[in-house]
Amino acid sequence: MNEDIRIHSWPCSYYLDTSKQWVSGRLSLTPVAIKFTADKTGELLVNFHLSSISEIKKESSNLIFSSLTILEKNTKHWFSSLQPNRNVVFNILEHFWREQLLSSQGTGAEAAALQSTKGKELTGLLTGSQKRLEDTAKVLHYQGEQFDNIMRGLNKIEGDMDVADRLLTELESPSWWPFSSKLWKVPLETKPKETATVSDSKNQEGIIIRIPVIITHRTDSNVKPGKLTLFASGLEISDCNSQVIHRFESKDVDDIRVHTPYEISVRQRFIGKPDTSYRLLSAKMPEAIPILEMQFSKKIQFLEDALGFVGARKSPQVDLGASIWQAATGLLGGVVQPGSPVGGKEGMDNDQVQLQKQEKISQEEAKELKQILKKLKGLALETEAELERQDEALDSITTSVDRATLNIDKQNRRIKKLT
């Protein structure tokens, strides 16, 4: 993720201690830093890392002006005249600051990045791939349950059609036919069991991901912290006390706009009344966007500031395709047996050979990578099997629907003859 991307900026005034005066400009927030640029000179007066912040507080300057103070190491920075208001800026800054501290890229992010080995980079890459595949498996599992419910419903429809066929035969048969009273008697005890099964599967739905967010409702200027929870069947927005603010089922969502890699808006349209719309900002949003893109592929829209995020995720370094798998397994082949030729294959690319000569992976890292690859392979096989099962189920559903349609047409013609 590009660390220079601007998440938000606000017009405000900054107290310049050297000249003892307030300077108007813009306060900007990036994924890892806070900056302030003066309007008149364009000079960057403030630029420090989020991890260097000790405290963010709401205070008053000269007992009159409401201000926001940021304690960075031993320096206290004063910001006032914040627009749209101080609370909005405070909530957003505090959210990203706390998430930065909780993140693995916290205080020693830059040092850790410099010291990271190729093995750690590959481990992080494959761990992310595993997480994406697990999320995909959860969604597919829920879809499979829905297919099963549809099949049970279609089987019940076919049973009802058989009852209707027997009743029509009873009506069409002459009064002297001796077996008419037995033709339409069928057991009807299965209905409560079907209903219970469907409701149980609904209650057993699992959570795919839950992240902290800053919530804005419609065009309100006020924001409040909360949580975004993604299910296979939709998404749910709740406050800090886990009280549900709104739940969107998948069919209720009309569009999702990705404004930046950290901010999205979800909307449900209505005729004759205002739309239901929420704008969500989160430091963890890059983890949720791929899942939203998978669930709402036809409803999600990436705006201009988010197009770079799409390109980064689809680059060879983040793609979940065969290239990662081949690179990882090839690299492991050279690490497990350092004395043998890298990968043990004649067709190994020169750039991979050079890479492995330059970078050394420890035996512990190699072992961890092999375990991740084993899990990935198992998940891939399970996902493939589930997709095949769903494909067969879809064919069965299509056949059952066609058969039910023909039966309905046939019974309609019989009913017309009787009337």
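An unreviewed UniProt entry lists the protein under the name Synaptosomal-associated protein 47, with Sula dactylatra given as the organism. Quoted straight from UniProt, the Sequence similarities (unreviewed entry) entry for the protein says "Belongs to the SVAP1 family."

Participant: Would you mind going over the overall build of the protein with me for this structure?
Facilitator: Across its full length, the protein holds nine helices and 15 strands. Expressed as a percentage of its 419 residues, the buried residues of the protein come to 37%. The long-range share in the protein, meaning contacts at least 24 apart out of those at least 6 apart in sequence, stands at 54%.

Participant: Can you help me understand the packing of aromatic side chains in this one?
Facilitator: Tallied over the full model, the rule gives six aromatic pairs. Ring plane angle 40 degrees and centroid distance 5.3 Å describe the contact between Y14 and F36, whose orientation is recorded as tilted. A residue pair is termed long-range when its members are at least 10 positions apart, and Y14 in strand β1 (residues 8-16) and F36 in strand β3 (residues 33-38) qualify at 22 residues. You can call F36 buried: its relative accessible area is 0%. Taken together, a centroid distance of 6.1 Å and an interplanar angle of 55 degrees make the contact between F36 and F79 tilted. On the criterion of sequence distance, the pair formed by F36 in strand β3 and F79 in strand β7 (residues 75-80) is long-range, its members being 43 residues apart. Its end group placed over the ring of F231, R247 keeps NZ or CZ at 4.5 Å from the ring centre. Over the aromatic face of F270 sits the side chain of K273, whose NZ or CZ is 4.4 Å from the ring centroid.

Participant: Looking at this model, I keep getting lost on the pattern of salt bridges. Mind explaining?
Facilitator: Between side chains of opposite charge, pairing is possible as soon as their charged atoms come close. Taken as a whole and judged by the stated rule, the model has ten salt bridges. Its salt-bridge partner being R98, residue E94 comes within 3.2 Å of it at the nearest N-O pair. Here the residue E94 and the residue R98 both occupy positions in helix α1 (residues 86-102), the gap between them amounting to four residues, near one helical turn. Here D255 ties to R269 by a salt bridge, and the two come within 3.2 Å at their closest N and O atoms. On the criterion of sequence distance, the pair formed by D255 in strand β12 (residues 255-260) and R269 in the loop between β13 (263-268) and β14 (276-281) is long-range, its members being 14 residues apart. One connected set of salt bridges, linked through shared partners, spans D255, R267, R269 and D275.

Participant: I'm lost on the nonpolar core in this one. Help?
Facilitator: As a rule of thumb, nonpolar side chains are buried together in soluble globular proteins. Judged by nonpolar contacts, the single largest core of 29 residues is most densely connected at L27, L29, I34 and L93. Of all elements in the fold, only β1, β2 (21-29), β3, β4 (44-49), β5 (53-61), β6 (65-72) and α1 reach the threshold of two or more residues within this core. Here this core takes seven residues from α1, the largest share from any one element. Shared between two domains, this core takes at least three residues from each, and those domains are domain 1 (8-103) and domain 2 (207-307). With near-sequence residues (within four places) excluded, I34 lies in contact with L27, S28, L29, V46, N47, F48, L50, I53, I70 and L93. If you look at the next biggest cluster of nonpolar residues, it comprises 28 residues, including V139, F248, Y278 and I291.

Participant: Would you explain α1 in this entry?
Facilitator: In an α-helix, one turn spans 3.6 residues, which is why side chains three or four residues apart end up on the same side. Along its 17 residues, α1 runs 24 Å from first to last C-alpha, staying within 8% of the 24 Å computed at 1.5 Å per residue. Taken together, the buried positions of α1 are V88, V89, F90, N91, I92, L93, H95, F96, W97, E99 and Q100. Residue N85 occupies the N-cap position of α1, its side-chain oxygen lying 3.1 Å from the main-chain nitrogen of N87.

Participant: Would you mind showing me how to read a negative patch on the surface here?
Facilitator: Together, E384, E388, D391, E392 and D395 make up a region of like negative charge exposed at the surface. Its location among the elements puts D391 in helix α9 (residues 363-418). A relative accessible area of 46% means that D391 is categorised as partly exposed.

Participant: Whenever I open this one, a positive patch on the surface confuses me. Can you help?
Facilitator: Side chains of K410, R413, K416 and K417 sit close together on the surface and give a patch of like positive charge. Note on placement: R413 falls in helix α9. On the basis of relative accessibility, which here comes to 51%, the residue R413 falls in the exposed class.

Conventions we followed
- Residues numbered from 1 in each chain as written.
- Predicted model: local features only at pLDDT ≥ 70, side-chain atom pairs only at ≥ 80, totals over all residues.
- Heavy atoms only, no water.
- UniProt positions renumbered as here; feature names shortened; annotations may be inferred.
- Helix = DSSP H or I, 4+ residues; strand = E, 2+ residues; numbered from the N terminus.
- Buried < 20%, exposed > 50% of the residue type's maximum accessible area, 1.4 Å probe, protein only.
- Contact = heavy atoms within 4.5 Å.
- Phe/Tyr/Trp six-rings, centres within 6.5 Å; stacked < 30°, edge-to-face > 60°.
- Lys NZ or Arg CZ within 6 Å of the ring centre and 35° of its normal.
- Salt bridge = Lys/Arg side-chain N within 4 Å of Asp/Glu carboxyl O.
- Core = buried A, V, L, I, M, F, W, Y, C linked by side-chain atoms within 4.5 Å.
- Domains from an automatic or database assignment.
- Expected span 1.5 Å × (residues − 1).
- Polar contact = N/O pair within 3.5 Å; in protein donor to acceptor, adjacent residues only side chain to side chain.
- Patch = residues over 30% accessible without salt bridge, like charges linked within 9 Å, V, L, I, M, F, W, Y side chains within 5 Å.
- Areas by Shrake-Rupley, 256 points an atom, 1.4 Å probe, with all protein chains shown as cover.
- Lys, Arg positive; Asp, Glu negative; His and termini not counted.
- Charge placed at Lys NZ, Arg CZ, Asp CG, Glu CD.

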